[in-house]
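# Chain and residue survey
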Amino acid sequence: MKFAGTPGLVLPGGGARAAYQVGVLKAIAAVIDSDQLPFTAVAGVSAGAINAAKVAMHAEDFAEGVAALERVWAEMHTDDVYLMDYGSLQRFLSKTDKPVSLLDNSPLVALLQREIDQDALQTSIAKGPLNGLAVTASNYTTGGVTTFVQTRGEAAGWSRRRWNRVATAIGPDHILASSALPLLFPPQRIGDAYYVDGSLRMTAPLHPVINLGADRILVIGVRNETTPDIPAELTMPGIGEIGGYVLESLFAENLNADMDRVGQMNDLLAHLSWWKRRASERRHIDVMVIRPSEDVRVIASRHASLLPRGVRLFLRTVGGWGHEWRLPSYLLFEAPFTQALIDLGYRDGLKQRPALEAFFSA
């Protein structure tokens, strides 16, 4: 199979839901006829940044990169990502004069230091076929958004109001910054600024790969877009339910809005003469999206009892246990749940085989 154009990959955030992306990537590795990473630009935000960095490290052996990523997610436990028993929480918060987060993410720090090899990433990008990796974080200090970019050559610069690009060698600190869920995980300091989850301020998640030259983009979402039924009896949502709703909005709505904007720009370009299109310096962008065919919240409800006792108690206390299961679906880093999402992503990816072949074919 010959790859056409400049394909890019966008992996949005989603906490534990990002395991679904691994299954789709596994399906892509089974569908394409190439050992190499089939994307020239990869961008990730939050947990999607972990997956993006891991596949970028294995750009010359895509199947091995996906297999390594699957091993991480399929063997995962909550205490590999964060701690939430009251003893550890009290010790964690006592390290400073003011609370900085509800959860202790020191296990995630250790995990990323093991799994993200900066030297391997540098070598992978230097050799190709990957031109660039972009990881986005929200700059708490300035109130803007920063996209950290590592490329083989000189990256095309972009700067918008409160959005800037920083060329750097991406490592665990940048992934931690991108995945620092507000209130749940502590902000990550890089240089003279503190950063939190990139989904918080990233209103144009497709644009990092567009600015890296991609003109066809595959997006692997983590939310089933089917509208849920309205319950017969409405109940007042608790803090936990509202928190889950906010996380879902952060991870999905900006992505949907950006895809709409790209579609509108494509329609506008289609009505311009060729010389006006050329003068505009805009180009047509094809976007393909794969999302869960099942409601991830329902899957989470079947495995929520696997969460550590302290986490279950916390969720019950803040009203995040039961009902819609939104918040648990982001915090449920337990192997049976993540494996179920990997399997779902793999099935959904294979169902899209004709579309994927068209996406990558000449």
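Definitions and cut-offs
Within every chain, residues take consecutive numbers counted from 1 along the sequence as written. Local features in this predicted model are restricted to residues whose pLDDT is 70 or higher, and side-chain atom pairs enter the listing and the counts only when it is 80 or higher, whereas totals over whole chains, interfaces and linings include all residues. Hydrogen atoms and water are omitted, and side-chain values are computed over all heavy atoms in the structure. The nonpolar core is taken to be a set of buried Ala, Val, Leu, Ile, Met, Phe, Trp, Tyr and Cys residues, with the residues joined through side-chain atoms within 4.5 Å. Only protein chains enter the accessibility calculation, which uses a 1.4 Å probe; a residue is then buried when its area is under 20% of its type maximum, exposed when over 50%, and partly exposed in between. Put simply, DSSP H or I for four residues or longer makes a helix, DSSP E for two residues or longer makes a strand, and each gets a number counted from the N terminus. Any two residues whose heavy atoms approach within 4.5 Å are treated as being in contact. An axis is simply a line fitted to the C-alpha atoms; with a helix, the fit covers only the stretch in contact. Between two such axes, the angle follows the N-to-C directions and lies from 0 to 180 degrees. Throughout this description, any angle smaller than 35 degrees is read as roughly parallel, any larger than 145 degrees as roughly antiparallel, any in the 65 to 115 degree range as roughly perpendicular, and the remainder as oblique. Each crossing is labelled by how the near helix is turned from the far one, with a counterclockwise turn of less than a right angle marking it left-handed and a clockwise turn marking it right-handed. Throughout this entry, Asp, Glu, Lys and Arg are counted as charged residues, while Ala, Val, Leu, Ile, Met, Phe, Trp, Tyr, Cys and Pro are counted as nonpolar. The remaining residues, Gly among them, count as polar. Exposure above 30% relative accessible area and the lack of any salt bridge qualify a residue for a patch; like charges then connect within 9 Å, and the nonpolar side chains Val, Leu, Ile, Met, Phe, Trp and Tyr within 5 Å. The accessible surface values rely on the Shrake-Rupley method and a 1.4 Å probe; as for residues, cover is taken only from the protein chains in view. What counts as a salt bridge is simple: a side-chain nitrogen of Lys or Arg found within 4 Å of a carboxyl oxygen of Asp or Glu. In this tally, Lys and Arg are treated as positive and Asp and Glu as negative; His is ignored, and so are the chain termini. The location of each charge is read from NZ of Lys, CZ of Arg, CG of Asp or CD of Glu. Strand pairing follows a simple DSSP-based rule, namely that at least 2 bridges must link the two strands.

A few words now on the nonpolar core. Leu25, Ile28, Phe39, Trp73, Tyr82, Leu133 and Leu218 are the most contacted members of the largest nonpolar core, which totals 82 residues. In terms of residue count, the dominant contributor to this core is helix α2 (residues 47-57) (8 residues). If we ignore the near neighbours within four places in the chain, the residues touching tyrosine 82 are Leu103, Asp104, Asn105, Pro107, Phe185, Leu307, Val311, Leu331 and Phe333. Among the nonpolar cores identified, the runner-up in size contains 16 residues, and Leu212, Val219, Leu255 and Val262 belong to it.

For the rest of this paragraph, the subject is the packing of helix α1 (residues 19-31) against helix α14 (residues 335-351). Interhelical geometry of α1 versus α14 gives an angle of 40° and a closest axis separation of 6 Å. Taken together, the axes of α1 and α14 lie oblique to each other. Crossing geometry of α1 relative to α14 is assigned as right-handed. Contact with α1, carried on its side by Ala19, Tyr20, Val22, Gly23, Val24, Lys26, Ala27, Ala30 and Val31, involves Thr338, Leu341, Ile342, Leu344, Gly345, Tyr346, Asp348, Gly349 and Leu350 of α14 and no other residues of that element. Of the residues that constitute the contact of α1 with α14, the class distribution is 12 nonpolar, 4 polar and 2 charged.

This paragraph deals with a nonpolar patch on the surface. A contiguous nonpolar surface patch, about 290 Å² in accessible area, is contributed by Ile242, Tyr245 and Val246. Relative to the assigned elements, valine 246 resides in helix α9 (residues 239-270). A relative accessible area of 41% means that valine 246 is categorised as partly exposed.

Our next topic: a negative patch on the surface. Residues Asp33, Asp35, Glu60 and Asp61 make up a contiguous surface patch of negative charge. Tracing the backbone through its elements, the reader meets aspartate 61 in the loop between α2 and α3 (62-74). A relative accessible area of 37% places aspartate 61 in the partly exposed class.

Let's shift gears to the pattern of salt bridges. It is possible for side chains bearing opposite charge to pair when their charged atoms get close. Tallying each qualifying case throughout the model produces 13 salt bridges. Residue glutamate 248 is joined to arginine 326 by a salt bridge in which the shortest nitrogen-to-oxygen separation is 2.8 Å. Placement of the pair is glutamate 248 in helix α9 and arginine 326 in helix α13 (residues 326-331), with a sequence separation of 78 residues. Each member of the pair, glutamate 248 together with arginine 326, is buried. The closest approach of N and O atoms between arginine 297 and aspartate 295, which form a salt bridge, is 2.9 Å. Taking relative accessible area as the criterion, arginine 297 reaches 11% and is therefore assigned buried. Aspartate 295 gets classed as partly exposed once you look at its relative accessible area, which sits at 26%. Salt bridges here are not isolated pairs; linked through shared partners, they connect Arg17, Arg223, Glu225, Glu248, Arg291, Glu324 and Arg326.

Our next topic: the side chain of glutamine 21. You can see glutamine 21 is positioned in helix α1. In this structure glutamine 21 comes out as buried when scored by relative accessible area, which is 0%. Dropping the residues within four chain positions of it, glutamine 21 is found in contact with Leu11, Pro12, Gly48, Asn51, Ile220 and Val222.

Taken across its 5 residues, strand β8 (residues 193-197) has 4 buried, putting it largely inside the fold. Pairing geometry for strand β3 (residues 132-139) and β8, over 3 bridges, is antiparallel. Its bridge partner being in β8, asparagine 139 is matched across the sheet by tyrosine 195. As paired elements, strand β7 (residues 188-190) and β8 share 3 bridges and run antiparallel to each other. When the bridges of β8 are listed, arginine 189 appears paired with tyrosine 194. Linking two consecutive strands that pair antiparallel, namely β7 and β8, is a turn of 2 residues; a positive phi of about 65° is found at glycine 191 within it.

With that settled, consider the packing of α1 against helix α15 (residues 353-360). Running from N to C, α1 and α15 cross one another at 70°; their axes reach a closest spacing of 11 Å. The angle between the axes of α1 and α15 places the two elements in the roughly perpendicular class. The way α1 lies across α15 gives a crossing that is right-handed. Seen from α1, the contacting residues are Ile28, Ala30 and Val31; seen from α15, they are Arg353, Leu356, Glu357 and Phe360.

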